[in-house]
Amino acid sequence: MKKLNFLLVLMLSLFIASCGNSGKGGNGESDGEIKLKVDADLGELGEFLSADDEAVIKLEEAEEDGEQGYLITSSLGVDVEKAVASDFSFGLEAKILDKSHIVIADFPSFDIESKNDFDNEDYTNVLYPGEKWAIVKEFIKKDDWDKEKQEMWEKIKKEGAYIRIEPNYSGTAKFVAYKGAKDSSSDEISSEENDEDEISDASESDSEDWDALLESYEEYVDKYISYMKKAAKGDMNALSEYPALLEKAQEFNEKMQNAQGVMSSSQWSRYIKITNKMTKAAQEMSN
């Protein structure tokens, strides 16, 4: 019975992990997601922050501004240990490597949201301590998705093993310890700028209350993880929870299919973080 429970857990894990990832590649087959080990070369920036050792990249069909195409997304956890300022915006260039650490493809740059301190002479971009997300979200029109791009994606799926990251403008960008004020809403960003950000996020959210949906999704994932733990221990009562969990998973799947290109970057980052929490728990249970 424990083996049966594990199979149910595995089936549900695969289903939920694919929520919002029902897009297909150019060959008509589901591309799913690719998990890569991170090969970080942060140089001077490494004195101030570190990155997670794994990243997931995804390719999905999507629509943006009425155009059909493909959306490349990824997120990478970043831990900023000391406040740092730079003369360039913070971001990470990326390349895909095979098992021999040979570069096989370029990848879009990861963006890390930072704050501005225009009184800090040349070093106006600031990252404050704490956990951040480096995000990739790049839309490519279907007409621009040619055979070469599809072949490259297939090669990444087949041979990709590592993703190498290094600071944008490597060799040009400079990083210094930031000694300014602590991160706060009083001095870093004016109330007018904050209002503009809120308006922008609201417009991107469309008619769906994505924040409320993400809150509900996280509650569901926490419940799902609890179910996995009980099922793995052979709890017979856990089996009775499966139909309701599966029904709820289908509900989230339908709603999240409309999320691509609509949720704000911060909302999308939270969605990926929640999904990764569920996937990580499923992997730990399977070991």
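Please read these numbers as outputs of a predicted model, since none were measured by experiment.

Comments concerning helix α4 (residues 210-232)
Part 1 of the reasoning: Between its terminal C-alpha atoms α4 stretches 32 Å, which fits the 33 Å expected from 23 residues at 1.5 Å a residue.
Part 2 of the reasoning: Those residues of α4 that sit buried are Trp210, Leu213, Leu214, Tyr217, Tyr220, Val221, Tyr224, Ile225, Tyr227, Met228 and Ala231.
Part 3 of the reasoning: Once α4 ends, the next one or two residues include Gly234, with phi positive near 85 degrees.

A few points about the layout of surface pockets
Part 1 of the reasoning: Size it by volume and the largest pocket reaches roughly 660 Å³.
Part 2 of the reasoning: What lines the largest pocket is a set of 28 residues, and nearest its centre among them are Asp52, Glu54, Trp133, Asn276 and Lys280.
Part 3 of the reasoning: Listing elements by their share of the lining of the largest pocket, those giving two or more residues are β1 (33-40), β3 (54-64), β4 (67-80), β10 (130-141) and α6 (265-286).
Part 4 of the reasoning: Sorting elements by how many residues they give to the lining of the largest pocket places α6 first, with 9 residues.

Observations concerning empty space enclosed by the protein
Part 1 of the reasoning: Tallied over the full model, the rule gives 1 cavity of 30 Å³ or more.
Part 2 of the reasoning: In this structure, the largest cavity occupies an estimated 30 Å³ of space.
Part 3 of the reasoning: Around the largest cavity sit Ser86, Phe88, Ser89, Phe90, Gly91, Pro167, Asn168, Tyr169, Ala173 and Phe175, which together line it.

Examining the sheet that holds strand β12 (residues 175-177)
Part 1 of the reasoning: The strand order across the open sheet built from 4 strands is β8-β9-β5-β12, with neighbouring strands paired in antiparallel fashion. The open sheet is flanked by β8 (115-116) and β12, the only strands paired with a single partner.
Part 2 of the reasoning: Where strand β5 (residues 84-86) and β12 come together, 3 bridges link them in antiparallel fashion. Considered in β12, the bridge of Ala85 is made with Val176.

Notes on a negative patch on the surface
Part 1 of the reasoning: Among the surface-exposed residues, Glu63, Glu64, Asp65, Glu67, Asp143, Asp144, Asp146 and Glu148 lie close enough to one another that they form a single negatively charged patch.
Part 2 of the reasoning: Checked against the element boundaries, Glu63 lands in strand β3.
Part 3 of the reasoning: Of the residues examined, Glu63 reaches a relative accessible area of 45% and is grouped as partly exposed.

Brief notes about the pairing of β3
Part 1 of the reasoning: Direction of pairing for β1 relative to β3: antiparallel, over a ladder of 5 bridges. By the bridge assignment for β3, Lys37 is matched with Glu54.
Part 2 of the reasoning: In this structure, β3 lies alongside β4, joined through 9 bridges in antiparallel fashion. In the strand pairing of β4, Glu60 is matched with Leu71.
Part 3 of the reasoning: In textbook terms, the turn of a hairpin is the stretch between consecutive antiparallel strands, and for β3 and β4 this stretch comprises 2 residues, one of which, Asp65, has a positive phi near 55 degrees.

Thoughts on the packing of aromatic side chains
Part 1 of the reasoning: Under the defined criterion, the tally for this structure stands at 6 aromatic pairs.
Part 2 of the reasoning: Between Phe107 and Phe110 the ring centres are 6.2 Å apart and the planes differ by 40 degrees, which places this aromatic pair in the tilted class. The residues Phe107 and Phe110 share a single accessibility class, namely buried.

As for the pattern of salt bridges
Pairing of side chains with opposite charge becomes possible as their charged atoms draw close.
Part 1 of the reasoning: The tally for this structure, following the rule as stated, stands at 11 salt bridges.
Part 2 of the reasoning: For Arg164, the salt bridge goes to Asp39, with nearest N and O atoms at 3.4 Å. Note that Arg164 is positioned in strand β11 (residues 162-167) and Asp39 in strand β1, a separation of 125 residues in sequence.
Part 3 of the reasoning: Its relative accessible area of 28% is what places Arg164 among the partly exposed residues.
Part 4 of the reasoning: For Glu218, the salt bridge goes to Arg270, with nearest N and O atoms at 2.9 Å. With Glu218 in helix α4 and Arg270 in helix α6, the pair connects residues that are 52 residues apart, well separated along the chain.

Each value, and the rule that gives it
Residues numbered from 1 in each chain as written. Predicted model: local features only at pLDDT ≥ 70, side-chain atom pairs only at ≥ 80, totals over all residues. Heavy atoms only, no water. Helix = DSSP H or I, 4+ residues; strand = E, 2+ residues; numbered from the N terminus. Expected span 1.5 Å × (residues − 1). Buried < 20%, exposed > 50% of the residue type's maximum accessible area, 1.4 Å probe, protein only. 1 Å grid on protein atoms, 1.4 Å probe; cavity = no way out; pocket = protein on both sides within 12 Å on 5 of 7 lines; lining within 4 Å. Points joined across faces, edges and corners; volume = space filled by probe spheres on them. Pairing = 2+ DSSP bridges. Patch = residues over 30% accessible without salt bridge, like charges linked within 9 Å, V, L, I, M, F, W, Y side chains within 5 Å. Areas by Shrake-Rupley, 256 points an atom, 1.4 Å probe, with all protein chains shown as cover. Salt bridge = Lys/Arg side-chain N within 4 Å of Asp/Glu carboxyl O. Lys, Arg positive; Asp, Glu negative; His and termini not counted. Charge placed at Lys NZ, Arg CZ, Asp CG, Glu CD. Phe/Tyr/Trp six-rings, centres within 6.5 Å; stacked < 30°, edge-to-face > 60°.

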